[in-house]
Amino acid sequence: MVSGSADPASAPATPRGIPHRGGPMNPSADRIRDRFGSSFVRAEVTWGETTVFVRPESVYDIVRYLHDDASEQYDYLSDVTAVEYRDLELPLQVVWHLRSLPYRRFLRLKAEIPKGAPLRVPSVMPIYSGADWLERECFDMFGIQFDGHPDLRRILMWEQYAEGYPLRKDFPLRGRFSRSEQLRQALAAQPESRYSMTELTIADAFEDLPLEMRQRLAGGEKTGE
Amino acid sequence: MGLTARPDHQLVTVSPQSTEGWVATRLDFLVNWGRANSLWPMPFGTACCAIEFMATAASKYDLARFGMERMSFSPRQADVLICAGRVPFKLAPVLRRIWQQMLQPKWCISMGACASSGGMFDNYAVVQGIDTIIPVDVYVPGCPPRPEGLIYGIMMLQEKVKRERMSDERLRDEMEPDPTSKLYIPPSMIDELSEPFGNSVHQTRSGL
Amino acid sequence: MAEKRTVEVSLSTSGLDAEGRPQRTPLVVDEGGRVTTLEAPLAIEPELEGEHMLINLGPQHPATHGVLRLVLELDGETVVRCIPHVGYLHCGFEKIGEYRQYNQIIPWTDREDYLNSPGNNVAFALGAERLFGVEITPRCTVLRVIAMELSRIMSHLVWLGTTCIDIGAFTPFLWSFQERERIYTLLEQWIGARLTTTLTRVGGMGADIPDGWMDGLRDFARTFPKTIAEVDRMVTRNGIWVGRTIGIGAMSAADAVNAGLSGPMLRASGVDYDVRKDFPYLDYETYDFDVPVGTNGDVYDRFLVRMEELRQSVRILEQAAERLPDGPVNIDDARLILPPKSKAMSEMESMIHHFKQVMEGPRPPIGETYVAVESPKGEKGYYFVSDGTPKPVRWRIRPPSYVNLSAIPRMVEGHLLSDVIAINASIDIVMGEIDR
């Protein structure tokens, strides 16, 4: 019994003897192909899990269908992440992990962005509110823009982080700058300046900020997170 | 492995005309005894070492025996900053600010490998040792250090406190950071302290 | 926004009069700043206008369970808006994972969710074994269940201790840490480490349990419910506890599923999703245990769910202790498992296996897999992508606390400042996992 395509009638069991390739495919893959013919690229089963490759621009519609349709009911978004391969000619893949709790199914959706194409995919936040931070982290680590996300800014690194997007393969493990330079940049930001525009406008102490800082903020600069 | 104080000839500069007499040494003893036995820790706990710190403060390894059960989460009321856990670059200004908010006399214990040297996190995100940001008195190695190890480090700090002398004017001097770079030790020294077994900017031969 | 003015309708202590007796009539400070007494008490102003306050909770704070920063907009004591900031413990785990062999990554899994170290080790090993296409021995399966349940108990004990401290009860903290010390002793006898255990290897375990260890486990399973009962007696029907937790921070079931919550956060809202039951692993379907599900999704329900999970974990431990089979702990695969030192030092073939594994590392086939387990915080997933080299192309940690914490603005808005602390404690966050 493979967990990716569980028959809801039978009780779930620990998967055994899963083949590397092949095996039963999640029925949602066929339904996606039938409905979204041109957007469907291919589907494969690896270690019992079904992966459906789709075109990046159609991701929102497909996820909306998977969420709303009564025979799919993928009501739970596990994860949104991205994969960049060491072979830099291969496209960068954005990955969505979806679960259907009523049907006990798991589906992986992938959108491939070829090298040279702009890193933009639609955001699924209107469908799953849990995608908020997951997409922000994907943006922070890979630089992928999620169209439709209301507040896409860095989350794990600080907003003026200047070294780049850490999980890209061209980003060295220890960063691009020397240790003293990294430390200098980290210490340069004052803790008080780490407020976003939203936070500062409601702050009682807005008047107390230095004039130069208020001017920069009025000019649209965002400080800190 | 006892804790007999080893005579350190460079510890205190005593001029031959020093007026330090019997009263001053008794006063030193009293003040240092009071300070050493009632160090109020400021637990700057970030990660796993913080859990071991909590275990050290709990019943089995009780820190209250050392006068340290009163955790001071306000830096204004704390004596010793125990940095327990890894410090990423985003947290560095916070740590620096907390250290500056503490009042003299203050000490610092760097608990664990990550606080002492960056530990296993030799990457873009982690400060390679908090001694690049704040002055550290005692380093406690371990990942995480056992409670006995932390207690040993605390006892070492107590020994250090007891050996202080009021006649040493430079004891409470604080180094001011360079105003432009905010670094208080020269960049070349930071790079040297942060080195892995190779050079920190170029990747090492084994690709690790 | 109306202009600021400060009006005190009445003071709680009116002060003493000339004879030293407490005054009955309230004092008032009027617009001119004069203090007068009132003949008749003022009617309470329907709305006191003022500006909202912006306060910063953290990142260094005793009650935020790590380096979490919450920026709160307060209207008096009521939270109007909450903006969380994370990333203060971001240490580049996923990046480092791309530069380490699979067995070398296991120490990192200890440190991301450091309250659930054995559980993370097991989860990682399950994922790596799926990627390699190997199946573990029966003895290893049962030992891993024991490790996961001990880890669940350890994590819930920290949650219990710190939540009680946050809400004001100090003693359960000491009790829970005393129980943790007993588990630490067991783990130390097994693998040598208390907290960051590095318990598993790809294909087996780091060490088999020593003789007499099962007696220690049975003794723990027998006596631990007494501590749970003691905390129960002290806290569950306590007026202060109930008053501070009932109705606070509720999430509806639909909202919780849509927000991607998992674990006790989700189950307290009434959604019956437990990875051990729905997508089982390690033969969990053969164990007899219940999954507690709440109704309201407030702080009190989450508390009850976790307390019941402690009891169910003890049940699983007892069953696992009964069924532990004999046999080898590690699989018999020369590519994955280091040979015993005696053979590596005497046989050439074993020495070559040892050399290859240590210097180069075992190579999985090209592929990818996502393995999720039920960690004490929720659905913990590891996503591996392999390109045939000994080091993964991508190692992704799906952190349950990260997604759980993202729902905190919705939960705290409208509550008081002290409720923020209670709600934060009920999410059971671990910043190491959130920031990785």
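Up top you'll find the structure we're talking about.
A brief structural summary. (Residues numbered from 1 in each chain as written. Chains lettered and ligands numbered in written order. Predicted model: local features only at pLDDT ≥ 70, side-chain atom pairs only at ≥ 80, totals over all residues. Heavy atoms only, no water.)

With respect to a nonpolar patch on the surface
All names here are of chain B. To be explicit about the condition: Patch members must show over 30% relative accessible area and no salt bridge, and they are joined within 9 Å when carrying like charges or within 5 Å when they are nonpolar side chains of Val, Leu, Ile, Met, Phe, Trp or Tyr. Residue-level accessible areas treat just the shown protein chains as cover; the underlying method is Shrake-Rupley with a 1.4 Å probe. Here, a salt bridge means any Lys or Arg side-chain nitrogen found within 4 Å of an Asp or Glu carboxyl oxygen. Helix numbers and strand numbers start at the N terminus; a helix is a DSSP run of H or I with at least 4 residues, a strand a run of E with at least 2. Categorising residues by exposure relies on relative accessible area from a 1.4 Å probe, with only protein chains included: less than 20% of the type maximum marks a residue as buried, more than 50% marks it as exposed, and the intermediate range marks it as partly exposed.
Together, Leu27, Phe29, Leu30, Trp33 and Met166 line one region of the surface with nonpolar side chains, adding up to about 560 Å² of accessible area. Residue placement: Met166 occurs in the loop between helix H5 (147-162) and helix H6 (187-193). We classify Met166 as partly exposed; its relative accessible area is 49%.

Points about the pairing of strand E5 (residues 105-113) of chain A
Residue and element names in this part refer to chain A. The condition is simple: Pairing between strands requires that DSSP locate at least two bridges from one strand to the other.
Extensive coverage of E5 is indicated by the burial of 8 of its 9 residues. By the bridge criterion, 4 bridges tie strand E2 (residues 49-54) to E5 in an arrangement that is parallel. Its bridge partner being in E5, Val52 is matched across the sheet by Leu109. Pairing geometry for strand E4 (residues 92-100) and E5, over 9 bridges, is antiparallel. Note on E5: the bridge partner recorded for Leu98 is Leu107. Connecting E4 to the next strand, E5, in antiparallel fashion are 4 residues, including Arg104 with a positive phi near 55°.

Things to note about the nonpolar core
Test applied: Take the buried Ala, Val, Leu, Ile, Met, Phe, Trp, Tyr and Cys residues and link them wherever side-chain atoms come within 4.5 Å; each set so joined is a nonpolar core. Note on definitions: a residue-residue contact is assigned when non-hydrogen atoms from the two residues lie within 4.5 Å.
Of all hydrophobic cores here, the largest spans 221 residues; its most connected members are Trp96, Leu109 and Ile144 of chain A, Leu81 of chain B together with Val86 and Ile146 of chain C. At 16 residues, helix H4 (residues 138-167) of chain C tops the list of elements feeding residues into this core. Once residues lying within four places of it in the same chain are set aside, the contact partners of Leu109 of chain A are Ile32, Val52, Val54, Ile62, Val63, Leu66, Val94, Val95, Trp96 and Leu98 of chain A. By size, the runner-up hydrophobic cluster in this structure holds 22 residues, among which are Phe53, Leu63, Val80 and Ile82 of chain B.

Considering the interface of chain C and chain B
Going by this rule: Throughout, buried area stands for the accessible area (probe radius 1.4 Å) lost by two parts on being put together, summed over both.
With 38 residues of chain C at the contact, the number on the chain B side is 34 residues. Of the roughly 3100 Å² buried where chain C meets chain B, counting both sides, 65% is carbon and sulfur surface. Its largest share of buried area at the contact with chain B, chain C owes to Gln60, Cys91 and Arg111 of chain C, together 19% of the area lost on that side. Where chain C packs against chain B, one counts 3 salt bridges. The partner of Lys60 of chain B in a salt bridge is Glu181 of chain C, and the shortest N-O contact between them spans 3.9 Å. The leading source of residues in the side of chain C that touches chain B is helix H5 (residues 171-191) of chain C, at 9 residues.

Let's talk about the side chain of Arg398 of chain C
Threshold: Pairs of N or O atoms are called polar contacts if they sit within 3.5 Å, as long as, within protein, a hydrogen donor faces a hydrogen acceptor (for residues adjacent in sequence, only side-chain-to-side-chain pairs).
Residue position: Arg398 of chain C is located in strand E10 (residues 394-398). Among the polar contacts listed, one links the side chain of Arg398 of chain C to the backbone oxygen of Ser78 of chain A, at a separation of 2.7 Å. One polar contact links the side chain of Arg398 of chain C to the main-chain carbonyl oxygen of Gly260 of chain C, over a distance of 3.2 Å. Look past the residues within four positions of Arg398 of chain C in its chain and what remains in contact with it is Tyr76, Leu77, Ser78 and Asp79 of chain A together with Gly260, Ser262, Tyr370, Glu379, Lys380, Gly381 and Val403 of chain C.

Observations regarding the interface of chain C and chain A
Defined as follows: When residue character is reported, Ala, Val, Leu, Ile, Met, Phe, Trp, Tyr, Cys and Pro are called nonpolar, Asp, Glu, Lys and Arg charged, and the others, Gly included, polar.
Listed per partner, the contact involves 70 residues of chain C and 64 residues of chain A. Of all residues in chain C, Lys95, Phe279 and Glu368 of chain C give up the largest surface area on contact with chain A, accounting jointly for 12% of the area buried on that side. A salt bridge links Glu368 of chain C to Lys110 of chain A; the shortest N-O distance between them is 2.6 Å. The tally of links from chain C across to chain A stands at 36 residue pairs in polar contact (both at pLDDT 80 or more). When residues of the side of chain C that touches chain A are assigned to their parent elements, the largest contribution, 5 residues, is made by strand E8 (residues 367-375) of chain C. Across the side of chain C that touches chain A, the residue classes tally to 33 nonpolar, 13 polar and 24 charged.

Regarding the pattern of salt bridges
All names here are of chain C. Under the definition given, this model contains 61 salt bridges over all chains. Of the charged contacts, one joins Asp208 and Arg139 as a salt bridge, the two residues approaching to 3.2 Å between their closest N and O atoms. Here Arg139 lies in helix H4 and Asp208 lies in the loop between strand E7 (204-205) and helix H6 (213-235), a separation of 69 residues in the sequence. For Asp208, a relative accessible area of 33% corresponds to the partly exposed category. Residues participating in the shared-partner salt-bridge network are Glu149, Arg152, Arg267, Asp274, Arg276, Glu309 and Glu374.

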